[in-house]
Amino acid sequence: MSIKLTSIPIDCTLMTIGLRARLPLAIAGLLLSAQTQAFLPTPLSVLESDALSPGASSLAPTYSHSDALSESGSISSAEPNIQKSILSESSLATEQLLSTWRQQVKADKLAQHTTWRRLLYFYDDKNSVLGKKKTKSLVDDPSFFLSENGQRDSGAELDAMLVALAQELASSATDNDQAKTDANNNSVLCRFPARVAWLTEVLSIDAASLSVKCPELDEWMSTLAPEQLSIMFAQEYLDNPLSAFAHTLLRIDSKASIADPNQIDKAYALNYTVDGDPNDSFPIYATKSMIGSYNSAIEIDPYPEMLAKYLQDDERDTWTYQLSLTPAEVQQIMRHVWETKALKMPYYFTTDNCASEILRLIDVVRPQQNLLSQLSYAVVPSDVIQLLNDEQLLASTIYTPADNTLRQNQLNEKKQQRAQLGYHNSAKQTVNEIKSAQLNLVSSVSDDGQTLLKRQIDASDNNPIDRHPLQLGTIGIGQGGDSDYIDIGFRAGFHDTLDHASGYPQFFNLEGLAATLRLYDTDDKANQPDSVVLQNVTLIRGRSFNPVNAAKKGNTWGASIEATRVNDGSQEAGTDHLVGSVGYEKGWSWAFGTPAAGTGEMPPQLCYTFLAGTGQVGRGINKGFRLGAGINAGCRYQINNQLRAQAELQLPYWYHGSSDETNVRGHYWQPVSSLGLQYDIDKKQALRINANYEWQDRIDANDDIQLSYRRYF
């Protein structure tokens, strides 16, 4: 049974003395003298992590005899023999109890129990690229441990905890209420309630005997009143790079918010985030977040404040999933949060982030799950949602549309109404008023921000449970010019505009950590490429589409950082070369077609125009660099749920610098047209055709066509 965290009054009613009750009664005699401190237990000086000796050293004194005498000078001369008898009995009972606990710890191997080690931040089942060690806790704060060797030895920490519990039993009746209140905020029962609750259960300790007043803890738990936990997912938001990979937090529900989920003022949000320096520039901030140079922070705020940030400020749809946890597990998670909320732990953007902390908390109460170990190398919010769904840990689901989604729903309905009346175009003023976030204040949250309003709108097709897996492997066959080849590629994430669209924000386009190797079918033809070449390495490439005729606010833009092979059009019969490339685009986009009825989705088809700038450097190209500026324009067409096409024309004008050589151009146009078509076999498999043509007579291979098989995993 779990120990209660609220204050429990000490029951002083006399009753028949059983075996369990003898110890508290005997200890009551300790009120007579502070000499009893000489009999309280202290941690063993030598411990082994996998076995605790039942015959360990006896209980050592913690106060000097002279101190004890000075504190007990008022005791009459007739009392010493009585005191000695009571103290002897209580000391023996306490030592016997501690010995019993140690024997059970050894027999059950509790020092190596998964739950105990997870409570101490030992990652036994996590293999990480960051090299987390199984033999050492991730916490390096001495205040988190009772034993000096606790960070490296879970057995030493467990024995120190047992000794501390024995001390609590021995001193439970020695002080007056005020003294206990002052001291107990620092008691192990108040500092480490999750550890105490687990030990109380596995060692069958009477919870009532460990009841203590913890004013700070009790007030914290009373304020939160946790009864249920849900995970809230806020979709990806490219206009803020730090939010480009989505976000998760825990919603803490009280009985009131469970009874009426719309009463969000009765709920709290637990947010695990980075404690970064706002004065740092974005590149420095992002780098430090990646490499653990910032600490993490646990923030607990009123839920309405956090929800409004996503729905109204960022305008991101949210999905909330109730976790299938028992009330006892919810209480234990919150006790553990109390223990860890002030810790300064390194924050790693890819492995120790908002999503990984939720898995870790569930692992603490579900040792059989091993959730965190299933996402060892990168923990992404959408993957966490899918994993929890696969493990049947998600119960009910709530979709909450963002403000722009509600505006888009109104816009769709208005256009549909006018179409039914025979109008082919909507009144411009009416459309602009609906689209405007300043004029149209429709929201899922009430004006006072305390209540979730019910809106008559169907859910958008962006539930992360429905999306394709994050990683991608590809194999393709193709022909570039006269050369046949095979491409083998890998992409760590996320999604491009031809991928299966369900589960992602509409028109989402973000790719990261991708690479492609090209294997040529070599022969004796002139200008034949090497047999194996690195075709492309992408660090990041993405586009944010915010159509001007839709209710979304924001600009249409794109950026890329990659190494890729390009054809140099400055020289006769130019071949391809690997270059480093950085590009930025900014422009406009338009959505058209018929949106899904009843939803706040934009029309499914998209056209766009970008003003683009690119810089490239590489030893193979003329003068080792080239700068390009031009226009990129294209359309993406959703033919049906399984088939999509995209066509694009790039019109870059490249500049290498002036050259004295007559056969070398210092600047030139090099248009590129491309066509892509993808057919989804299922959510994890697809076939794609890509065709490109470069309108430049000076390059060796103008055309390229490829058929590839894509496997998402």
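Scroll up for the structure.
This text gives an overview of the structure that appears in the document. Values in this document were obtained by computation on a predicted structure and should not be read as measured data. (Residues numbered from 1 in each chain as written. Predicted model: local features only at pLDDT ≥ 70, side-chain atom pairs only at ≥ 80, totals over all residues. Heavy atoms only, no water.)

Considering the overall build of the protein chain
Right, on to step 1. Within the protein chain, the regular secondary structure consists of 17 helices and 19 strands.
Right, on to step 2. Burial status across the protein chain gives 49% buried among its 713 residues.
Right, on to step 3. Counting only contacts in the protein chain whose residues sit at least 6 apart along the sequence, the fraction spanning at least 24 positions is 68%.
Right, on to step 4. Of the accessible surface of the protein chain, which amounts to about 33,400 Å², a share of 53% is contributed by carbon and sulfur atoms. (Helix = DSSP H or I, 4+ residues; strand = E, 2+ residues; numbered from the N terminus. Buried < 20%, exposed > 50% of the residue type's maximum accessible area, 1.4 Å probe, protein only. Contact = heavy atoms within 4.5 Å. Areas by Shrake-Rupley, 256 points an atom, 1.4 Å probe, with all protein chains shown as cover.)

Digging into the sheet that holds strand β6 (residues 394-400)
Right, on to step 1. Judged by pairing direction, the sheet is antiparallel, and its six strands sit side by side in the order β4-β3-β2-β1-β5-β6 without closing on themselves. The open sheet is flanked by β4 (295-302) and β6, the only strands paired with a single partner. Taking each pair of neighbouring strands and ignoring which way they run, the sheet shows an average axis angle of 25 degrees.
Right, on to step 2. Note that strand β5 (residues 318-323) and β6 share five bridges and pair antiparallel. Bridging across to β6, Thr318 finds its partner in Thr400.
Right, on to step 3. Contacts from helix α12 (residues 303-313) reach β1 (228-234), β2 (247-253), β3 (267-275), β4, β5 and β6, with the element oriented near 105 degrees to β4. (Pairing = 2+ DSSP bridges. Axes fitted to C-alpha atoms, helices over the stretch in contact; angles between N-to-C directions.)

Description of helix α8 (residues 193-202)
Right, on to step 1. Of all the 10 residues making up α8, eight are buried; the element is thus mostly covered by neighbouring parts of the structure.
Right, on to step 2. For α8, the set of buried residues is Pro193, Ala194, Arg195, Val196, Ala197, Trp198, Leu199 and Thr200.
Right, on to step 3. Along its buried surface, α8 packs onto α4 (114-119), α5 (154-171), α7 (188-191), α9 (215-224) and α13 (327-340).
Right, on to step 4. Ser204 lies just past α8 and shows a positive phi near 55 degrees.

Digging into a negative patch on the surface
Right, on to step 1. Side chains of Asp482, Asp484, Asp521, Asp700 and Asp703 sit close together on the surface and give a patch of like negative charge.
Right, on to step 2. As for its placement among the helices and strands, Asp703 is situated in strand β19 (residues 703-712). (Patch = residues over 30% accessible without salt bridge, like charges linked within 9 Å, V, L, I, M, F, W, Y side chains within 5 Å. Salt bridge = Lys/Arg side-chain N within 4 Å of Asp/Glu carboxyl O. Lys, Arg positive; Asp, Glu negative; His and termini not counted. Charge placed at Lys NZ, Arg CZ, Asp CG, Glu CD.)

Side note on the state of the cysteines
Right, on to step 1. Counted by the stated rule, this structure contains two disulfides.
Right, on to step 2. Here Cys190 is linked by a disulfide to Cys214, with a sulfur-sulfur distance of 1.9 Å. With the S-S dihedral at roughly -80 degrees, the linkage between Cys190 and Cys214 falls on the left-handed side. Taken together, the residues span a long stretch of sequence, with Cys190 in helix α7 and Cys214 in the loop between α8 and α9 at a distance of 24 residues. No difference in accessibility class separates Cys190 from Cys214, as the two residues are buried.
Right, on to step 3. Should the bonded cysteines of the protein chain be numbered as they appear in the sequence, the pairing reads 1-2, 3-4. (Disulfide = S-S within 2.5 Å.)

Here's the deal with the packing of aromatic side chains
Two numbers describe a pair of aromatic rings. These are the distance of the centres and the angle of the planes.
Right, on to step 1. All chains considered together, the criterion is met by 19 aromatic pairs.
Right, on to step 2. Look at Tyr272 and Tyr347: their rings are 6.3 Å apart centre to centre, the planes differ by 25 degrees, and that puts the pair in the stacked class. One end of the pair, Tyr272, is in strand β3; the other, Tyr347, is in the loop between α13 and α14 (354-365), and 75 residues separate them in sequence. Both residues of the pair, Tyr272 and Tyr347, belong to the buried class.
Right, on to step 3. Summarising the aromatic geometry, the rings of Tyr653 and Trp669 are spaced 5.0 Å apart at their centres and angled 65 degrees between planes, so their arrangement reads as edge-to-face. Taken together, the residues Tyr653 in strand β15 (residues 643-655) and Trp669 in strand β16 (residues 667-669) connect sequence positions 16 residues apart.
Right, on to step 4. Here the aromatic cluster, defined as three or more aromatic residues joined through ring pairs, consists of Phe245, Phe349, Phe494, Tyr504 and Phe508.
Right, on to step 5. Directly above the ring of Tyr303 sits Arg251, whose terminal nitrogen or CZ lies 4.9 Å from the centroid.
Right, on to step 6. Over the ring of Trp654 we find Arg626; its NZ or CZ atom is 3.8 Å from the centre of that ring. (Phe/Tyr/Trp six-rings, centres within 6.5 Å; stacked < 30°, edge-to-face > 60°. Lys NZ or Arg CZ within 6 Å of the ring centre and 35° of its normal.)

Some thoughts on the packing of α13 against α14
Between two packed helices, what matters for the description is the angle formed by their axes and the separation of those axes.
Right, on to step 1. Close contact between α13 and α14 brings their axes to 9 Å; oriented N to C, the two are set at 120 degrees. Between α13 and α14, the crossing angle belongs to the class labelled oblique. When the axes of α13 and α14 are compared, the crossing they make is right-handed. On the side of α13, the interface is formed by Glu329, Gln332, Ile333, His336, Val337 and Thr340, while α14 contributes Arg360, Leu361, Ile362, Val364 and Val365.
Right, on to step 2. A class-by-class count of the residues in the contact of α13 with α14 yields six nonpolar, three polar and two charged. (Parallel < 35°, antiparallel > 145°, perpendicular 65-115°, else oblique. Left-handed = near helix turned anticlockwise from the far one by under 90°. Nonpolar A, V, L, I, M, F, W, Y, C, P; charged D, E, K, R; others polar.)

A short note on unusual backbone geometry
Right, on to step 1. Cis geometry marks the peptide bond from Gly493 to Phe494, where omega comes out at 0 degrees.
Right, on to step 2. If you trace the backbone, Phe494 turns up in strand β8 (residues 483-495).
Right, on to step 3. Even without glycine at this site, Ala225 takes up a positive phi of about 45 degrees.
Right, on to step 4. Note that Ala225 resides in the loop between α9 and β1.
Right, on to step 5. Judged by its relative accessible area of 29%, Ala225 is partly exposed.
Right, on to step 6. For Ala246, which is not glycine, the phi dihedral falls at a positive 75 degrees.
Right, on to step 7. Topologically, Ala246 is positioned in the loop between β1 and β2.

Focus: the side chain of Ser460
Right, on to step 1. Relative to the assigned elements, Ser460 resides in the loop between α17 (428-435) and β7 (472-480).
Right, on to step 2. Side-chain polar atoms of Ser460 contact the side chain of Tyr399, separated by 3.1 Å.
Right, on to step 3. Each residue touching Ser460, except ones within four places of it in the same chain, is listed here: Asp317, Trp319, Tyr399, Thr405, Gly600 and Glu601. (Polar contact = N/O pair within 3.5 Å; in protein donor to acceptor, adjacent residues only side chain to side chain.)

A few points about the environment of Leu411
Right, on to step 1. Along the polypeptide, Leu411 turns up in helix α16 (residues 403-420).
Right, on to step 2. For the pair Leu411 and Asn549, spaced 138 residues apart in sequence, the C-alpha separation works out to 9.9 Å.
Right, on to step 3. Those residues within four positions of Leu411 in sequence are excluded, and the remaining contacts are Val431, Ile434, Lys435, Asn549, Ala550 and Ala551.

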